[in-house]
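# Observations on chain architecture
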Amino acid sequence: MSGFRLAEGGDAIERERPVAFSFNGRAYSGYEGDTLASALIASGVDIVGRSFKYHRPRGLLAAGNEEPNGIVQLGDGARSTPNLKATTIPLYEGLAASSVNAWPSVDVDFGAVNNALKRFLPAGFYYKTFFWPGWEAFEPFIRRAAGLGRAPHEPDADVYDHQHAHCDVLVVGGGPAGLAAAVTAADAGVDVVLTDDRATLGGALLWDTDENPEARAQAAALATRAVAHDRIRVLKRATVLGHYDHNFLAACERIKPSASPGAGAAPAERLWRLRAREVVLATGAIERPMAFANNDRPGVMLASAVLEYARRYGVACGRRAVVFANNDHAYRTAFALMDAGLEVATIVDPREGDIGGVAAAASARGVDVRQGSVISNVIGRARVRGVEVGRFDATATDEKALQRIDCDLALVSAGWSPRVHLFAQSGGRVAFDDSRQAFVPDAPAQAVRSAGGCNGAYDLLSCLSEGTAAAEAACARLRDSGALAHRDVAGRAPSAEAQSPIFRAPLPHASAKAWVDFQNDVTTSDIDLAARENYRSVEHLKRYTTLGMATDQGKTSNVNGFAVMAASCGVSIGEVGTTKFRPPYEPVTLGALAGRRRDAAYHPIRHLPTHDDQAALGATFEDWGGWARPTCYPNEGESRAAAINREILATRGRVGLFEASPLGKIDVRGKDAAVFLDRVFVNTASTLKIGRARYGVMANEHGVVVDDGVFFRLAEDHFLCSTTSGGADRMAASMEEWLQCEWTDLDVFVTNVTTCWATFALAGPLSRDVLGKLARDVDLSRQAFHHMSFTEGRVADASARIARVSFTGELAFEISVPARSAGAVWRALMEAGGEFDIAPYGIEANLVMRAEKGFIHVGADTDGLTLPQDIGFERPIKTKKSDFIGRRSMMRLDARRNDRLHFVGLKAADNATVLPVGAHIVDADGNGRRSGGYVSSSYWSPTLQCGIALARVRAGRARTGETVAVFDDGRTFAAEIVSPCFLDPDGERLDR
Amino acid sequence: MLSIVCPFCGPRDETEFRCGGESHIARPGPPDAVTDEAWADYLFYRDNTKGVQFERWVHAYGCGLWFNVARNSVTHEILAVYEMTDPKPHGLVE
Amino acid sequence: MKYSALNLLRQGFAGHRGWPAAWRNADLKSDYDIVIVGGGGHGLATAYYLAKEHGLSNIAVLEKGWIGGGNTGRNTTVVRSNYFYPESAAFYDFSLKLYEGLSRELNYNIMLSQRGMMMLAHSSHDLELLKRSRNAMLLNGVDAKLLTPDEVKARAPALDVSRKARHPIWGALMQERGGVARHDAVAWGYARAASALGVDIVQNCEVVGFDIVAGRIKGVRTRLGEVKADRVALAAAGHSSVLARMVCFRLPLYSYALQAFVSEPLKPVLDTVIASPASGTGVYVSQSDKGELVVGSALDLYGSYAQRGNLPIIEETAAGLVSLFPSFSRLRLLRHWAGIVDVTHDSTPIIDRTPIDGLYVNCGWGTGGFKAIPGGGATFAHLIARDAPHPLAAPFSFDRFRTGALIDEAAAAGIAH
């Protein structure tokens, strides 16, 4: 118990509004405005989590999204959320959080046995063992031990939104640099979006130490102006996640705290898709920890974080602090903390010699300054109880010379790392700057400018002036649309306060460990091992040790790790380089990425124009090519199979009605329409007479059959092409592509009119009687209206296109009416058919009936390699006068093989057998069994009272009459190769 | 997310478009006069340039029109947008 | 030093100071028998099998960056052999069998985890396709079984198997021998074993040209100097066309970005590899031993050499994943990236000679190269050593583009590579 709430201070909290919450089952209280982290520290909680591998007890290290240790599970049920950082969770009434990866509890964790064994578990140990009896024997234990939080079991109760925004200048980060940039740009008259990941604008202004009062006042005024400015749209609690091509950035706005109760239909998070002409990055910098033995103990914290807790939340992280820092900034942090009421006993600074005024100032304030020294080790397990300080020596440590200093808090600072993540994601190159000891933006790849901390400027005046300058440059380019003015990198001023390159204290003894990546338990010795084993590329280092791969993505660990690698290899950090900065900058929920694309709105399913009528008839709907279509219409208590059989027999015996609206309908007109369709269809279109219909096959340029359907000639220059339901959009698009990209000289217009017309197939021997009751202005008689012809008239008061085409083999009329009349016409047909006992039939009955007739179903009886010759459509390839799409491909060597898979019928030896779809015809060759094709469609035919099947069989057409073996999951059936047409081969039923 | 300037509609997000692959590929013919090799070259073999690619795009969820784009396949920078029947822009051809 | 539990124990007491480099950092020599361009899984495996199976050791693997840094280190680590065509099945099952013995063969634990791979059916049509594939696999001698929706649910309780789901689950095709392996370890394991057999692995050594005399390869030019070699083998995946262009020929390839992402690590929530066909969500997902969900889906459908992610596919993939697993919506994406994949029209690879004598190419793996690393390496090594194709890789020739004898798995079975 070390942290406590200070008597005063804390701009962010409202002390009059206490908030009750629980952590690991215990009740606590904080204030409105607290984060879970600040409230936990204020409540004296030391251990907030356990590390991933060694299960070391951990306290909070940081105050922002760089926190590696404070990982919690929040909420329960449908809002249970794993792996949140306590530092980014706003406290709310009733918040319930627990530690992850600890059992039975965070204070007593059996997993900590790994800590005792850690000398045998170095980086990558698993690559070197587990060979016998095999990895599978060990893996289950590793899997159980790994992972942090638990995935929820219930579907998410929250909803998520997406929103687009466009702007002239996007400013990322609402600290002093970002505020200056936003206000400068807006004052120049351009539209600005300003994002900040906190609830309050100001960034480091809100807590940092810069004591220049004028600058502070100026910056604070900017925040007020930014919020009020009518050219600035401010997005608070919005973290920019990724910087993509063409200045497209994604940001996640957290509208309510994770796992908090929902407010009606309001979204929990909103994903912003931002497109900016110019981007100013003002994302600040991250303080780096120091590497020394046991530097992961609760109570070792980033100096700036401790100050932030004190100033923002009025929280003291301990009572007596020792500071270990290599830079002046940390001294000022220490002074500010003393002003806030904390005791700073000692400042340990590895730098030798004259380090300027800060040391003297510290001494003047009574702080014991130990220059040329390091914290060598930490005393205490569950909490820092003291530190051991020794002289800095890069090679060895004299354990006897260590001095113990009692404290409950160790503030560390190894300088700052600019947050260059977004800059790097945008394609910009980063370079190591020696004076700053940090990776800084170098050459940009897009219209992006960096200002302030993320550019390596850490004092307030520089931040303000860089923000202003970046905005001015952006506005200038917006005005001239000139070439991107690349920042003159060589001109970057050296840091006013040069950084010390010391990131690491020597270990006091051989088995001591100093942590670099806290969450993933990567230590300096792991990095040394990686170097020794030649995993020296930074990417190898990362992958071998898992450095920087934890949920904080290396925000506090990467540069330290690279520094250790550099030292280990005897090269500079710049030569080691940096790993790729991969998006997202902060982990983002899958829900936010999915947005509203969930449930019915994910791949929205299309409804028929008569959907409600079909539902009223008891249709069973299934997804057929993106349409919800009736599979069948079972009566009360009727099985699916029985319904299908009944529908078939009704249609074949009397009359049936099929909802065929999704049937593709492509209107092709223009002077060259016939020429065009001759090129589109494998067969010929131009010889078709007006008012007549013809079956056509369409191939792609690879010769593969991609669609089929009947096409009609409405006029000399006007055709209507039917396609399969699933193929309509694709075929219309393909025709457009050929017209626009290849045959640009043709005068043709292609329009996909599929959904303009509802189409019903009225089929069966009594279909003419039914239609006769409703049709006007048409002669339906056998003599006047032939099979494969087309007419226009009126049906049930709707203008109608009526075609005599048949997919069932029965006398049939395909009636198309404007979609708005669909329901009325459907109901009229059903009513007119009532006296004939009309039956609506679904897709399954339709498919069975066409299979009885041996009509192919493209996509089922063909695959992506089926050529026209495989389905008996080879004549045009040999005889057609003109070229058509795919023709040359149909002439290649493989296309001319006579042992291709041919479309044939199959009849099981036993009438009662329905061959399984997907069964293979087995060829026996010298090497055993081999697939000789497969069953592509197979049904029970209620008409013929036997099983029928369609198949693709090797050289099948030449093997009619042959009995073949059909294999399915270990069983074998005997079947005869037959003609695919099982019913009425002479087509007598068509014209009754 | 590329921003592509449709020559007919203006700048739009890439999700409104579909890329049709390399452009300026002549279709050989008539079929009887084309060798298997030439046909394979037409169907399958591509420059696949690391650098400036010339490709055709369609504004599929917009005006529906096809046009050509010269685009850097490494930086994704769009260097030119031109009509389907136009030749490759001068200065971009190696 | 041999990797073993005993040596790990010993080194534990010695502070792990005794481990040698996993592979030597070789200096580039001026002359090799064989130069392999590309230090990914395929290039390293090829070098290993050349040394191991063919007794050749004067070999260099030249890598322009860091070994395993291309698609080997960017994929979703799935291994399987659930193929439709006998040609594919024979090759990929050979590769899977090599994987099954690889940890011990290389003395490097590649963490092969055969936790099963299931391909979902979202409609009766999908189910028919899967039955077609199941039977093809059985005829091809590959393990396969069809699972009912209840069996799917039992193996993956987080899946929404209700018929209310937008893409309901009608069943699944399970290959129990499918699974995942640790991708980086495959590259490192082959590198270590090849290096031990004398192969020189040279990183940061970009090839910038080829020396060709009278139609025969004589060597390569690199950023680190010129190298003589009678035989040069390209294994450069997405960058194959770039190398081919230096030699003035084109390849039947197009390079696309394929994205993938991982979630934050979680306690075990998914035990098998699950893939949904492109007609459904197109998503595939598994959970790594570290606890991260590893997720992939479709290509970015325009040419790219940029190894970086893009939002639209990530959003669509997340939506697909949440549609399959509604309880995953609150999980968070931790990191997303892209690899550049070299895609042939039929998604089947090319392992063949080229118009230049002594120059060989291994490419066209598209989205499925990782599972093929051992098989690709072994058969490519055979081609290079004998100047004749390995029987298993003979169908993967250039000639099929001329004859039209494509091996198109997606076209036949709806399951691509």
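The structure contained in this document is the topic of the report that follows. Note that the structure is a prediction, hence the values are computed from the model and not measured.

What follows deals with the overall build of chain A. In terms of helices and strands, chain A carries 23 helices and 52 strands. Principal-axis analysis of the C-alpha atoms places the extent of chain A at approximately 115 × 70 × 55 Å. Residues classed as buried in chain A amount to 65% of the 992 residues present. Of the contacts made within chain A by residues no fewer than 6 positions apart, 67% connect residues no fewer than 24 positions apart.

Before going further, it helps to examine the interface of chain A and chain C. At the junction of the two partners, chain A supplies 111 residues and chain C supplies 105 residues. Looking only at chain A, the three residues that lose the most surface to chain C are Tyr127, Arg143 and Leu590 of chain A, adding up to 9% of its buried area. The residue aspartate 623 of chain A makes a salt bridge to arginine 166 of chain C at a minimum N-O spacing of 3.0 Å. Between chain A and chain C we count 65 residue pairs in polar contact (both at pLDDT 80 or more) in total. Element by element, the count of residues in the side of chain A that touches chain C is highest for helix α3 (residues 135-145) of chain A, at 6 residues. Among the residues making up the side of chain A that touches chain C, the classes are represented as 52 nonpolar, 28 polar and 31 charged.

Further remarks concern the interface of chain B and chain A. The partner chain A presents 25 residues to the 25 residues of chain B that form the contact. Across the chain B/chain A interface, buried area totals approximately 2,300 Å², and carbon plus sulfur atoms make up 50% of it. Looking at the side of chain B facing chain A, the largest losses of area belong to Met1, Arg27 and Pro31 of chain B, adding up to 31% of the total buried there. Counting every contact that joins chain B to chain A gives 6 salt bridges. Of the charged contacts, one joins aspartate 13 of chain B and arginine 275 of chain A as a salt bridge, the two residues approaching to 2.6 Å between their closest N and O atoms. Our count for the chain B to chain A interface comes out at 16 residue pairs in polar contact (both at pLDDT 80 or more). Sort the elements by how many residues they give to the side of chain B that touches chain A and helix α1 (residues 36-43) of chain B lands first, with 4 residues. Along the lines of polarity and charge, the residues of the side of chain B that touches chain A split into 12 nonpolar, 6 polar and 7 charged.

Next up on the list: the nonpolar core. One finds Leu36 and Tyr309 of chain A together with Tyr99 and Tyr190 of chain C to be the most contacted residues of the largest nonpolar core, which totals 224 residues. The element that contributes the greatest number of residues to this core is helix α7 (residues 183-196) of chain C, accounting for 8 residues. Other than its neighbours up to four places away in sequence, tyrosine 309 of chain A contacts Ala37, Ser38, Ile41, Leu60, Ala62, Ala63, Thr87, Met301, Gly314, Val315 and Cys317 of chain A.

Moving on to the environment of glutamate 962 of chain A. All names here are of chain A. The topology assignment puts glutamate 962 in the loop between β50 (946-954) and β51 (963-968). On the accessibility criterion, glutamate 962 (33% relative accessible area) is partly exposed. Contact partners of glutamate 962, with chain neighbours within four places excluded, come to Ala975, Glu976 and Ile977.

Rules used in this analysis
Residues numbered from 1 in each chain as written. Chains lettered and ligands numbered in written order. Predicted model: local features only at pLDDT ≥ 70, side-chain atom pairs only at ≥ 80, totals over all residues. Heavy atoms only, no water. Helix = DSSP H or I, 4+ residues; strand = E, 2+ residues; numbered from the N terminus. Buried < 20%, exposed > 50% of the residue type's maximum accessible area, 1.4 Å probe, protein only. Contact = heavy atoms within 4.5 Å. Buried area = accessible area lost by both parts, 1.4 Å probe. Salt bridge = Lys/Arg side-chain N within 4 Å of Asp/Glu carboxyl O. Polar contact = N/O pair within 3.5 Å; in protein donor to acceptor, adjacent residues only side chain to side chain. Nonpolar A, V, L, I, M, F, W, Y, C, P; charged D, E, K, R; others polar. Core = buried A, V, L, I, M, F, W, Y, C linked by side-chain atoms within 4.5 Å.

That's the geometry; what it means functionally is another story.
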